[in-house]
Amino acid sequence: MSLSDERITGMEVLLRWQHPQWGNISPGEFIPIAEANGTISAIGQWVLETALLQQRQWLDSGQPAIPIAVNLSAQQFKHEGLADLVASLLKQTGVPAHLLELELTEAMAMYDPAAGAQRMQALHALGVRLAMDDFGTGYSSLSYLKRFPIDKLKIDQSFVRDILASPDDQAIASAIIHMAHSLGMRTIAEGVETLEQQDYLHRRGCDEIQGYYFSRPLPAAQLAAFVREKAQPENL
C-alpha cells in the first residue's frame, strides 16, 4: 500500500504446501529441502508461470493493473537463461513486463556482484521491475548497489518489528529510506502490523508498506474481491 494515498500498489506471491496428510507445511521447512535436492528451480519456474497466468486472468476480468511480485531463488538467479525464461513466459501469457516485479535478496546479489549486475541488467532490459528483499540483513557493497538496476529496496521486518521502541531500528530504517531515495529507488517496509508502525514509517518518508495491518495473505479469489473493494487503478 502506498503511504501517500493508501492505494494498493502491488501484490506478492506466497508459496504454501498444503499436504493431504501433513497439512500446511511452512516454506521454512520445504524450501531448504528443495534447494538442497535441486528441485527449487523447477518449483520457481512453476511459481513464476502460475503467477503470470493468474495476472493474465485478473487483467482479462477487468481487475486493476497492479504489479505482482515473485521471489527468485538463489539457484534461479544464478541460471544464465533466467532472462530468456522470463521473456518467454511474459510473451506466452501476454502480461506487460512492468506488471511483474522480481525480488532477490541482498545475499543473492552480492554472491557474485559482477555476474549479478549483468543478470539484473538483462531482466531490467525486459521492462520488469526489480526489488531487493531483506535489505539491511546482508553485506552489500554500496559501490555495487549503485550499479544494480534496482527499483525498490525492501526494509526487512526485523527492523520494523520494534521500530517504535528501538533507536537502532529507527536509525537503520531512516538510513535505508534516505539512501534509497538518493539513488532514485523507492522503499517498502515489510511486516507492518500496527497503525503506529505505519504512521512512523510515513513520517520518515517510506513509500510503501506490506504486512498484516494492511491485509493477511489471501487466496486469489478473495484477493480479487479485496482489490475491487479497496484499490484504485494505478496509472502505469
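Above this note sits the structure.
Residues numbered from 1 in each chain as written. Predicted model: local features only at pLDDT ≥ 70, side-chain atom pairs only at ≥ 80, totals over all residues. Heavy atoms only, no water.

(A) Spotlight on the overall build of the protein chain. Helices and strands together make up the secondary structure of the protein chain, namely 11 helices and nine strands. The C-alpha atoms of the protein chain give 18 Å as radius of gyration, which agrees with the globular expectation for 236 residues (18 Å, within 12%). Seen through its C-alpha atoms, the protein chain measures out along the principal axes to roughly 45 × 45 × 40 Å. Relative to its full complement of 236 residues, the protein chain shows a buried share of 43%. Here the protein chain displays about 12300 Å² of accessible surface, and carbon together with sulfur accounts for 51% of that area. Separation of charge centres in the protein chain, based on 18 positive and 28 negative side chains, amounts to 4 Å. (Helix = DSSP H or I, 4+ residues; strand = E, 2+ residues; numbered from the N terminus. Rg over C-alpha atoms; globule rule 2.2 N^0.38 Å. Buried < 20%, exposed > 50% of the residue type's maximum accessible area, 1.4 Å probe, protein only. Areas by Shrake-Rupley, 256 points an atom, 1.4 Å probe, with all protein chains shown as cover. Lys, Arg positive; Asp, Glu negative; His and termini not counted. Charge placed at Lys NZ, Arg CZ, Asp CG, Glu CD.)

(B) Fine view of the sheet that holds strand S9 (residues 208-209). Strand order in the open sheet formed by seven strands is S1-S4-S5-S6-S7-S8-S9, with parallel pairing between adjacent strands. Two strands bound the open sheet, and with one partner strand each, they are strand S1 (11-12) and S9. Across the face of the sheet, helix H9 (residues 167-182) comes into contact with strand S6 (129-135), strand S7 (152-155) and strand S8 (186-189) while running at roughly 175 degrees to S7. (Pairing = 2+ DSSP bridges. Contact = heavy atoms within 4.5 Å. Axes fitted to C-alpha atoms, helices over the stretch in contact; angles between N-to-C directions.)

(C) Region of the structure containing helix H4 (residues 82-93). Here H4 spans 17 Å end to end across 12 residues, near enough to the 16 Å set by a 1.5 Å rise per residue. Taken together, the buried positions of H4 are occupied by Leu-82, Ala-83, Val-86, Leu-89, Leu-90 and Thr-93. Projection of H4 onto a plane perpendicular to its axis shows the buried side chains occupying an angular sector of 130 degrees, all on one side. Exposed residues lying more than 90 degrees from the buried face of H4 are Asp-84 and Lys-91. Lining the buried residues of H4 we find helix H2 (40-60), helix H3 (74-78), strand S5 (100-105) and helix H6 (113-126). A positive phi of about 75 degrees marks Gly-94, the residue just after H4. (Expected span 1.5 Å × (residues − 1). Arc of directions from axis to C-beta.)

(D) Structural context of the packing of aromatic side chains. All told, the structure shown has two aromatic pairs when counted by the stated rule. Measuring from centroid to centroid gives 5.8 Å for Trp-17 and Phe-30, while their planes differ by 90 degrees, and the two rings are edge-to-face. You can see Trp-17 sitting in strand S2 (residues 17-19) and its partner Phe-30 sitting in helix H1 (residues 27-37), a full 13 residues away along the chain. Of the residues examined, Phe-30 reaches a relative accessible area of 10% and is grouped as buried. With centroids separated by 5.8 Å and ring planes inclined at 70 degrees, the aromatic side chains of Phe-214 and Phe-226 adopt a geometry described as edge-to-face. On the criterion of sequence distance, the pair formed by Phe-214 in the loop between S9 and helix H11 (220-230) and Phe-226 in helix H11 is long-range, its members being 12 residues apart. The cationic tip of Lys-78 hangs over the ring face of Tyr-111; the distance from NZ or CZ to the ring centre is 4.1 Å. (Phe/Tyr/Trp six-rings, centres within 6.5 Å; stacked < 30°, edge-to-face > 60°. Lys NZ or Arg CZ within 6 Å of the ring centre and 35° of its normal.)

(E) Broad picture of the pairing of S5. For S5, a buried count of five out of six residues is recorded, marking the element as mostly surrounded by other parts of the structure. As defined by bridge partners, strand S4 (residues 68-71) adjoins S5 across four bridges and the pair is classed as parallel. In the sheet register, Val-70 faces S5, and the bridge partner there is Leu-102.

(F) Structural context of the packing of H2 against H4. The interhelical angle for the contact between H2 and H4, taken along N-to-C directions, is 30 degrees, at an axis separation of 10 Å. Judged by the angle between their axes, H2 and H4 are roughly parallel. Like other packed secondary-structure pairs, H2 and H4 cross with a definite hand, here right-handed. Side by side, H2 and H4 meet where Gln-45, Leu-48, Glu-49, Leu-52, Leu-53 and Arg-56 of the first sit next to Leu-85, Val-86, Leu-89, Leu-90, Gln-92 and Thr-93 of the second. Of the residues belonging to the contact of H2 with H4, the class tally is seven nonpolar, three polar and two charged. (Parallel < 35°, antiparallel > 145°, perpendicular 65-115°, else oblique. Left-handed = near helix turned anticlockwise from the far one by under 90°. Nonpolar A, V, L, I, M, F, W, Y, C, P; charged D, E, K, R; others polar.)

(G) Main features of unusual backbone geometry. In this model, Glu-6 sits at a positive phi of 55 degrees, which is unusual for a non-glycine residue. With respect to the element layout, Glu-6 can be found in the segment before S1. A residue is classified by how much of its surface remains accessible, and Glu-6, at 52% relative accessible area, is exposed.

(H) Examining the environment of Pro-64 more closely. Tracing the backbone shows Pro-64 in the loop between H2 and S4. With relative accessibility at 17%, the residue Pro-64 sits in the buried group. For Pro-64 and Leu-14, which are 50 residues apart along the polypeptide, the C-alpha to C-alpha distance reads 20 Å.

(I) Quick peek at the nonpolar core. Leu-100, Leu-102 and Leu-153 are the most contacted members of the largest nonpolar core, which totals 60 residues. Examining the composition of this core, we find that six residues originate from one element, H2, more than from any other. Leaving out residues up to four positions away in the same chain, Leu-102 has contacts with Leu-48, Val-70, Leu-72, Val-86, Leu-123, Val-128, Arg-129, Leu-130 and Ala-131. (Core = buried A, V, L, I, M, F, W, Y, C linked by side-chain atoms within 4.5 Å.)

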